[in-house]
Amino acid sequence: MEKSEIAIVWFKRDLRLMDHQPLCEAMKLDLPLLLLYVVEPSVCAAPDFDVRHLRFTGASIQDMNRMLSIPIRPLEGEMLPVLERLCAQYTIRSVYAHMETGNAITFTRDRSVHSYCREKGISFLEFPSNGVIRGLKNRKFFHQRWEETMRMPLMDPDLRHLKQVDVPPDMPLFTRFPAADPRFQPGGTSVGWRYLDSFLTDRKRRYSRDISKPLAARKSCSRISPYLAWGNLSMRQVYQRTLAAMEQTGDRHNLRFFISRLHWHCHFIQKFESECRMEVENLNPGFDHIRAVIDPDRIRAWEEGSTGYPLVDACIRCVRATGYLNFRMRSMLVSFLTHHLWQPWQAGAHFLARQFLDYEPGIHYPQFQMQAGTMGVHTIRIYNPVRQSHEQDPDAVFIREWVPELAALPLPFVHEPWLLTPLEQEAFGFIPGISYPKRIVDAEVTGRFAREELWKMKSSDAVRKAVPGILKKHTSGSPGKR
Ligand SMILES: Cc1cc2nc3c(=O)[nH]c(=O)nc-3n(C[C@H](O)[C@H](O)[C@H](O)COP(=O)(O)OP(=O)(O)OC[C@H]3O[C@@H](n4cnc5c(N)ncnc54)[C@H](O)[C@@H]3O)c2cc1C
């Protein structure tokens, strides 16, 4: 029997139907389309992947399915064998997808899909995502081009004209998406819009004031990061909605502040797109020989939230339980790991990638390196976890919630339980090392040590030699890598 001709729209981290160029382009073909999502064991087994990501993608697809007459039924398997099996059933003319600035696994996979399609005479068409440019030659006009892309009309397909085919009956379906968990933001475009709209109309009021506070930021920041990371919303949709809100509300201060973060989102991904070795290697190799000794006990204490520093422990426990932490607290966690515990950033990057519901490789690795000071081109920031605690959670409401062992202590001991005298310890029934861990290090001492070491390194020949290349690559005319 003759096989029927189809085209495939392959969804990855672009789980939406509107402002979706691959879908719009594929619909121009006038062929039946298979809307494909594949749950790949190699991606799920990677050290940066967590079940919370799978839950989010499952909910996102469910949300898309509400608008489709034939629902997307996710398949299970590696992409190439899946494609091979689909080729046995259909004559596939083209595969349409967004370019993904992913980790090494998905990048290698995309390359093998390219080769396979070339071999089989299938056209594989990839479209840029969120203004990030593959093979960018020159960073000089990046922001101008980004602005232009963000102001272009949305690419919304008319779904009434969508002709679909279903996955063939004998293909392995993936049906084990975890059930909803109320502690996490649910996936899906509809929820993404609700978060964005409630921010733009109301929650934005205290945005710039609360952005660094671990508790208040949960409400005053937009919380749209997972919806951008998994593509439930496109950056263009968010940008245009924000400009409209600026017109309507006149709140220029907070919304300009917000738009600058939207820029950062793509600025960081572009960095990673151009230099993906950042996933594993120091951007500046001059730092390769510091923090050479891995201390598993220190890493375990950091991951478990038992370092003896209340704000650090509260943040770790909170992000493990909810998948979210604001920017300043993420920075402080990396600073604590790399500066105070003097561990390489690589020792914590996968762990936090698994915790962040919004895990986006293109932001995650450059941010990790920036906070760890291994780029050699930024001011080194070493956060004092005690000062952060007093400044960002002055009444210790956040700490008390996540470190209940300290809840009964009055201020300032809840920030610094080591200040309790033996008499006070007895009065509060607090036994250091039993009620709550003793401090793993003295942050005054470790902060001083890290500052001296890093400044020494920063002015070393090895680090300075690499700086012009880094600046050239990421700020002016430099060849992109992919
Ligand atoms: C070590 C470390 C790792 C990080 N990993 C990720 C990650 O995997 N995924 C991720 O989306 N963000 C990451 N960030 C950036 C930032 O912390 C989050 O984007 C932000 O906290 C998300 O909350 P929000 O949506 O309420 O942000 P808002 O403040 O409301 O900002 C709106 C959007 O702007 C973007 N944005 C905000 N701050 C930054 C920033 N500093 N850099 C780049 N983009 C930004 C995000 O897309 C965010 O959703 C990381 C930061 C650090 C320090």
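Predicted model only: the values in this text are computed from it and were never measured. (Residues numbered from 1 in each chain as written. Predicted model: local features only at pLDDT ≥ 70, side-chain atom pairs only at ≥ 80, totals over all residues.)

Within the chain one finds 22 helices and 5 strands. When its C-alpha atoms are laid out on the principal axes, the chain stretches across 85 × 50 × 50 Å. In the chain, which comprises 482 residues, the share counted as buried stands at 43%. Taking as baseline every contact in the chain between residues at least 6 positions apart, the subset at least 24 positions apart corresponds to 81%. (Helix = DSSP H or I, 4+ residues; strand = E, 2+ residues; numbered from the N terminus. Buried ≥ 20, exposed ≤ 12 C-beta atoms within 10 Å, placed from the backbone. Contact = placed C-beta atoms within 7 Å.)

It is at 8 Å that the axes of helix H12 (residues 252-274) and helix H17 (residues 361-372) come closest, and there the two elements cross at 85°. With respect to their mutual orientation, H12 and H17 come out roughly perpendicular. Here H12 contributes His265, Phe268, Ile269, Lys271, Phe272 and Glu273 to the contact with H17, which in turn contributes Pro361, Gly362, Ile363, Tyr365, Pro366 and Gln367. Looking at the contact of H12 with H17 residue by residue, the classes come out as 7 nonpolar, 3 polar and 2 charged. (Axes fitted to C-alpha atoms, helices over the stretch in contact; angles between N-to-C directions. Parallel < 35°, antiparallel > 145°, perpendicular 65-115°, else oblique. Nonpolar A, V, L, I, M, F, W, Y, C, P; charged D, E, K, R; others polar.)

A word on the site of the ligand. Taken together, 28 residues lie around the ligand, and Cys221, Ser222, Ser225, Arg261 and Phe327 are the ones closest in. For the shell around the ligand, the secondary-structure elements that each account for two or more residues are helix H10 (225-229), H12, helix H15 (327-340) and H17. No other element matches H12, which puts 6 residues into the shell around the ligand. Within the shell around the ligand, the residues separate by chemical class into 15 nonpolar, 8 polar and 5 charged. (Near = placed C-beta within 6 Å.)

Here the residue pair Leu411 and Pro412 is connected by a cis peptide bond, since its omega of 0° sits within 30 degrees of zero. One can find Pro412 in the loop between helix H19 (397-402) and helix H20 (422-428). Positive phi outside glycine occurs at Arg291, with the angle close to 50°. In this fold, Arg291 is placed in the loop between H12 and helix H13 (296-304). According to the C-beta neighbour criterion, Arg291 is buried, with 23 such atoms within 10 Å.

Spatially, E3-E2-E1-E4-E5 is the arrangement adopted by the 5 strands of the open sheet, whose pairing is parallel. Across the chains shown, the open sheet's two edge strands, defined by having one partner strand only, are strand E3 (75-76) and strand E5 (123-127). Both strand E4 (residues 90-98) and E5 contribute to a ladder of 5 bridges, which runs parallel. Its bridge partner being in E5, Tyr96 is matched across the sheet by Leu125. (Pairing = 2+ DSSP bridges.)

If you look at the biggest cluster of nonpolar residues, it comprises 114 residues, and the most contacted ones within it are Ile8, Val9, Leu36, Cys315, Leu333 and Ile399. Apart from the residues within four sequence positions on either side, Cys315 is in contact with Pro214, Leu325, Met329, Met332 and Leu333. (Core = buried A, V, L, I, M, F, W, Y, C linked by C-beta atoms within 7 Å.)

Bringing the confidence of the model for the chain into the picture now. Looking at the chain as a whole, the pLDDT averages 95, with 99% of positions reaching at least 70. Considering only residues more than four positions removed or in separate chains, one finds that residues 476-482, a stretch of pLDDT under 50, has 22 contacts. (pLDDT = per-residue confidence, 0-100.)

Here we take up the pairing of strand E2 (residues 33-39). Counting buried residues in E2 gives 7 out of 7 residues, a clear majority hidden from the surface. By the alternation rule, side chains of E2 split into Leu33, Leu35, Tyr37 and Val39 and Leu34, Leu36 and Val38, which are all buried. Pairing analysis gives 5 bridges linking strand E1 (residues 4-11) to E2, with the strands arranged parallel. Counted as the bridge partner of Ala7 is Leu33 from E2. Once you follow E1 into helix H1 (residues 21-27) and on to E2, the crossover reads as right-handed. (Right-handed = clockwise from strand over helix to strand, strands pointing away.)

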